[in-house]
Amino acid sequence: MTLRTVVTAATVSMLAALAFVLGVALRPALVSESPAAPSLSAVEIGYLQDMIAHHQQAVTMAQSIDRDGMSVPVRGLARQIVQEQSSEIGTMIGFLQMADQPIQSSSPMAWMHGRGHDHSSANDHVMPGTASSDEVASLGSLGGTAAENQFLRLMQRHHYGGIAMTQDLIAYGSSGGPVVRLARTTLAAQTRETGLIGSMLVVRGVTD
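Described below are features of the structure shown in this document.

Definitions and limits used
- Residues numbered from 1 in each chain as written.
- Predicted model: local features only at pLDDT ≥ 70, side-chain atom pairs only at ≥ 80, totals over all residues.
- Heavy atoms only, no water.
- Core = buried A, V, L, I, M, F, W, Y, C linked by side-chain atoms within 4.5 Å.
- Buried < 20%, exposed > 50% of the residue type's maximum accessible area, 1.4 Å probe, protein only.
- Helix = DSSP H or I, 4+ residues; strand = E, 2+ residues; numbered from the N terminus.
- Contact = heavy atoms within 4.5 Å.
- 1 Å grid on protein atoms, 1.4 Å probe; cavity = no way out; pocket = protein on both sides within 12 Å on 5 of 7 lines; lining within 4 Å.
- Points joined across faces, edges and corners; volume = space filled by probe spheres on them.
- Nonpolar A, V, L, I, M, F, W, Y, C, P; charged D, E, K, R; others polar.
- Salt bridge = Lys/Arg side-chain N within 4 Å of Asp/Glu carboxyl O.
- Axes fitted to C-alpha atoms, helices over the stretch in contact; angles between N-to-C directions.
- Left-handed = near helix turned anticlockwise from the far one by under 90°.

1. Some remarks on the nonpolar core
Part 1 of the reasoning: The biggest cluster of nonpolar side chains holds 45 residues, and the ones touching the most others in it are Tyr 47, Leu 48, Met 61, Trp 111, Phe 151 and Leu 152.
Part 2 of the reasoning: Elements that contribute at least two residues to this core include exactly α2 (42-65), α3 (72-98), α4 (133-141), α5 (144-171) and α6 (178-204).
Part 3 of the reasoning: Here this core takes 11 residues from α2, the largest share from any one element.
Part 4 of the reasoning: Non-local contacts of Tyr 47, meaning those with residues more than four positions away in its chain, are made with Trp 111, Met 165, Thr 166, Leu 169, Val 179, Ala 183 and Thr 186.

2. Digging into the side chain of Asp 168
Part 1 of the reasoning: Tracing the backbone through its elements, the reader meets Asp 168 in helix α5.
Part 2 of the reasoning: Asp 168 gets classed as buried once you look at its relative accessible area, which sits at 13%.
Part 3 of the reasoning: In this view, Asp 168 contacts Trp 111, Met 112 and His 113; residues no more than four positions away in its chain are not counted.

3. Brief notes about empty space enclosed by the protein
Part 1 of the reasoning: Evaluation of the coordinates by the stated rule reveals 1 cavity of 30 Å³ or more.
Part 2 of the reasoning: The calculated volume of the largest cavity comes to roughly 40 Å³.
Part 3 of the reasoning: Lining of the largest cavity is provided by Glu 84, Gln 85, Glu 88, Thr 186, Ala 189, Gln 190 and Glu 193.
Part 4 of the reasoning: Those elements that provide at least two residues to the lining of the largest cavity are α3 and α6.
Part 5 of the reasoning: With 4 residues, α6 is the largest single contributor of residues to the lining of the largest cavity.
Part 6 of the reasoning: Its residues assigned to classes, the lining of the largest cavity comprises 1 nonpolar, 3 polar and 3 charged.

4. Some words on the pattern of salt bridges
Part 1 of the reasoning: Scanning the entire structure with this criterion turns up 6 salt bridges.
Part 2 of the reasoning: Residue Arg 75 is joined to Asp 66 by a salt bridge in which the shortest nitrogen-to-oxygen separation is 2.7 Å.
Part 3 of the reasoning: For Asp 66, a relative accessible area of 25% translates into the label partly exposed.
Part 4 of the reasoning: Of the charged contacts in the structure, one is a salt bridge between Arg 192 and Glu 84, with a shortest N-O distance of 3.4 Å. Highlighted residues: Arg 192 in helix α6 and Glu 84 in helix α3, separated in sequence by 108 residues.
Part 5 of the reasoning: Overall, Glu 84 belongs to the partly exposed group, its relative accessible area being 24%.
Part 6 of the reasoning: Salt bridges here are not isolated pairs; linked through shared partners, they connect Asp 66, Asp 68, Arg 75 and Arg 79.

5. Re the packing of α2 against α6
Part 1 of the reasoning: Between α2 and α6, the least distance of the axes is 11 Å, while the angle of their chain directions is 35 degrees. Between α2 and α6 the crossing geometry is left-handed. From α2, Glu 44, Tyr 47, Leu 48 and His 55 reach across to α6, where they touch Val 179, Val 180, Ala 183, Thr 186 and Gln 190.
Part 2 of the reasoning: Classifying every residue of the contact of α2 with α6 gives 5 nonpolar, 3 polar and 1 charged.

What is shown is where atoms sit, not what they do.
Here's what the structure looks like:
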């Protein structure tokens, strides 16, 4: 065996050993571990499923009032609601998907204290504060001030319902995970907007 062959073999062995050492050292940085699915309680799952549907109705009503002929303050409020609640819908869907849970509930409101879906009910007010299909449709048929006042009344009631749902989730004494943190953000936003809506109704002289 020549000297050149010995040197080459030694070099290859050294490089192989170095590659092994580097591979072990760098593996944590190079191998991406899948994040663990969040652990959600039955109450958190029910809240997310129902709040998605609750938010979706708010977005529908807000989009229907954001049209020509409506006042700037009302349209501004509507756009704010669409932006905030659409973002929260996306986050809530993400939580459920990561936990491998369905987006829709098979038993709406079963999670909330003292409530459940009353299958004998003749109306479609399944969740607190939600508008009936006729009330939602009225936003498109009314015009001007009448449509604006109807939107503000419905959205005020809608927010009251959302606040009640969120307070109930927090009252369960959850450990304060991501769902509860989102719920607290929702509570703050809807409380702030409810105050704004109340002021707008007072200025307009709407008392009912």
